[in-house]
Structure formats: structure tokens, C-alpha cells
Amino acid sequence: MLSVRGLNTEYQTPKGPPVKAAQDVSFEVPKGKFFTLLGPSGCGKTTTLRSIAGLERPVSGDIEVNGTVVYSSSRGIFVPPNRRNFGMVFQSYAIWPHMTVFANAAFPLEVRKNKPSRQQIRDKVMAVLSAVALDHLAEREATKLSGGQQQRLALARALVMEPELLLLDEPLSNLDAKLRDRMRFELKRIQRELGLTTIYVTHDQGEALALSHEIAVMNEGRVVQIGPPRTIYERPKTKFVADFIGTTNFIEGSVRGYDEAAKRWRVDSPIGQLLVESDGSLKQGGKAAISIRPEDVELLENAGAASDGYNHCNGIVDQKIFLGDFVDFEIKVGEYMLRSRAHPSMRTPVGDVIHARLNPAKCVAIEDDTSASAAA
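A. Structural context of the sheet that holds strand β9 (residues 198–202). Strand order in the open sheet made by the six strands is β7-β8-β9-β3-β10-β11, with mixed pairing throughout. Because the sheet does not close on itself, it has two edges, and the strands there are β7 (86–89) and β11 (222–227). Strand-to-strand twist in this sheet, taken as the mean axis angle between neighbours without regard to direction, amounts to 20°. Relative to strand β10 (residues 214–219), strand β3 (residues 34–38) runs parallel, the two sharing four bridges. Paired with Thr 36 across the bridge in β10 is Ile 215. Along the sheet, helix α4 (residues 147–159) makes contact with β7 and β8 (165–169), crossing β7 at roughly 170°.

See below:
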């Protein structure tokens, strides 16, 4: 439905070379899917979204929606943003303060070239206000809405044009934590019920994991990994992705070789020899960084139970933090600090011995770039 190929967008600077904001960005989004551009500030995600919207003019690449090319550098095509029929919601909702809820939502229809009849406008506006659960507030002044209601009104104003593509630029960032969590459910419900193809920009990993069918993780203007949320979280391809998405333990090690019986790689590490998974091409004798999430480090007080299987080690509880539904432990294993997320029933005191078992299926080895370059 949306195809972005080889997109490059630059910003000119008064002095010095241009800033390369988006570099060789490519991805495809099927019709009706929720696709998120995720990354830290300055990674190029908003620039990519604005390029799709037509608010930025790329220097090269192609953008196609439903078979219609809206930008192509090679063919000299640039469709202006007002002719792309995309809906967009920004970080600031840009609500008209002097208008009612109804008038704000109706505004795009009132000013369009082929203006619908008054009855058609009313029908369309009330339909979208109903979809975002604001129909009972149609005559209320927009300034008297809560933050969450204003966010939904901005969304209704984008939806009333029946856009081919919905573009959302960090629309929840101005809301408090509880309201942001609630609005995630609302956004997901609206997107699913209306079947809207949606491109979402955020730096919030939780939002991306909760909302998306697919995620493109960006860094320094480039897409570094694309995949479903579970794949991005459980099978990161780079140290950046593993570190940026949630919390992880990085254990540096040396590759001993491939274990045919276990169908996994063996890696010597500071906490002992580990069986690990790898999607890459590890090399015997090369270096590897093993990523394992804290929730996949199982803590046990019984040494016998811990040693039943692979990837077990002993350590000392260095510190722990109670967070209600779980407890974060830091376990000192030799000179390495291993982080684990355990059930509150685990009450081992600080300073006591504890045993850890690392799930081999969740230990993901990422080839170290330095070993690859050294081999070359």
C-alpha cells in the first residue's frame, strides 16, 4: 500500500555540508497495517514521515501509495501535500481554540475545493466523532477538553477527510503517563476498526511494541532493523537495537564453536560457557556480544535446580529494587553484574548467594563488528 524506496532527505546548513537526515530509507507497509518508525531524537524518523507527507522534499528516492507515485526523483514527480489525501496528527494538536469540537472536526471539509453539502458534512463529522468517542461533546468549546480529548479531536480532524494514509508524529508525548497508556488502547482500537494504514513516529519503545504490526528501528538516519514487535524485542540484529528496545544484559564472549547436538553456538563468557542463538554468521574464535533480557534470567535459591540444564551460574545479590509486580535484581557473578527481573516472591537478601539459569533460546549472540573487520 505504501512503498518507500531509497529515500534520502537533506537539510542545508548556513555553513558546512548539508545534514543527511534520512539515508537510503526503504520499507513497505501493507494496506490496513500499523507501522512505526522508532528511534532516538535526531535519528531521521520525523524527517521520513514529513517526506512521506510532502512537507519535506527529498533529494532522491521514490514514494508510492496505492499504486500512485507521489514522489520520484528519477521521474521528476512531486505531488504537493494538499493533493496527497493524507491525514496527519502532530505532537501539538493545533486545535482551533475559538471553535467547538464539531467545528474543529468539520474544518477540513468546509475549506476543501469540492465542499460537501451541510448534511453530508454533519454526517461525516458525527461519524468520526463517534469513532473517537467525542460525539456527546460536539458542541463543547475545544479549549474545555482534556488533553486526551484534544488528542482524539486532532485525530478526528485527520480522519474526516477519509485519508488514504494516516501519519502520526508523536501524538501522545504531551500526555501524562496514565493517559498515554489509555490512549494507546484507543488508538489501536480506532486503527483496527477503521482499517487505516497508519505510519507512527515515536521514541517510546513501549508505544511502538504495544501499537505496531511492524517496527522500523532507525539510527543516524538509517533503518537498522524492520520486523514485528516480538521479533525486534527477542531477536535484535545489532547491539543498538538490543540496547534501545527495553533493557538487556550484554555479555561479551569468545565463540568456541557450533554444538551440533544442541543446535546452538557455544560461547566462553565471564559468567561461564553459554549455549546461545544466532541469526548471523558467528565464527569460531571470533568475538560476540550476547544479549539476554532480565526476565529471561531465572533466579533460584536451590543450586541443584539451577544446575539442571545449560547456562547456569552462581552469584551474590548485589542489590534489588521492589517495583510492585516484579523485583529487579543485580547479581554479581565474578566481576560481571547480571540483571534479572523476578517475581516478588523471590526474597533472597542482599549479600546472599543466589543461582541463575539463562534460557539458551533467549540468549542472542550478535557478531562483534571489530572481529569481522579484523578478519578482513
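B. Representation of the pattern of salt bridges in the model. In total, this model carries 19 salt bridges according to the counting rule given. The salt bridge partner of Arg 184 is Asp 204, with a shortest N-O separation of 3.6 Å. Of this pair, Arg 184 sits in helix α5 (residues 177–194) while Asp 204 sits in the loop between β9 and α6 (205–211), placing them 20 residues apart in sequence. Accessibility classification places Arg 184 together with Asp 204 in one group, the buried group. Close ionic contact of Arg 189 with Glu 186 constitutes a salt bridge, the shortest N to O distance being 2.9 Å.

C. Up close: empty space enclosed by the protein. Applying the stated criterion across every chain, the model contains one cavity of 30 Å³ or more. Contributing elements (two or more residues each) for the lining of the largest cavity: β8 and α5. No other element matches the three residues that α5 contributes to the lining of the largest cavity. Residues that form the lining of the largest cavity fall into these classes: seven nonpolar, two polar and no charged.

D. Expanded view of the pairing of β9. Burial analysis of β9 places five of its five residues in the buried class, the great majority of the element. Of the two faces of β9, the one lined by Thr 198, Tyr 200 and Thr 202 and the one lined by Ile 199 and Val 201 are each fully buried. Both β3 and β9 contribute to a ladder of five bridges, which runs parallel. Bridge pairing in β9 links Thr 36 to Tyr 200. Where β8 lies against β9, four bridges are found, and the strand directions are parallel. Its bridge partner lying in β9, Leu 168 is registered against Tyr 200.

Basis of the calculations
By convention here, each chain's residues receive numbers from 1 onward along its written sequence. The model is predicted, so local features are restricted to residues of pLDDT at least 70 and side-chain atom pairs to those at 80 or more, both for listing and for counting; the totals for chains, interfaces and linings are taken over all residues. Calculated side-chain values reflect all of the structure's heavy atoms, with hydrogen atoms and water omitted. A pair of strands is treated as paired once DSSP finds two or more bridges between them. Each helix corresponds to a stretch of at least 4 residues labelled H or I by DSSP, and each strand to a stretch of at least 2 residues labelled E; elements are numbered beginning at the N terminus. Here the axes come from fitting lines to C-alpha atoms, over the contacting stretch only for helices, and the angles between their N-to-C directions go from 0 to 180 degrees. Here, residues are in contact when the closest pair of their heavy atoms is within 4.5 Å. The salt bridge criterion pairs a side-chain nitrogen of Lys or Arg with a carboxyl oxygen of Asp or Glu, the two atoms within 4 Å. Type-normalised accessible area, obtained with a 1.4 Å probe on protein chains alone, sets the label of each residue: buried when under 20%, exposed when over 50%, and partly exposed for intermediate values. Definitions used for this entry: grid spacing 1 Å over protein atoms alone; cavity, a set of points where a 1.4 Å probe fits but cannot get out; pocket, an open set with protein on both sides within 12 Å along at least 5 of 7 lines; lining residue, one with an atom within 4 Å of a point. Grid points are joined across faces, edges and corners, and a volume is the space filled by probe spheres set on the points. Classification used: nonpolar for Ala, Val, Leu, Ile, Met, Phe, Trp, Tyr, Cys and Pro, charged for Asp, Glu, Lys and Arg, polar for all others including Gly.

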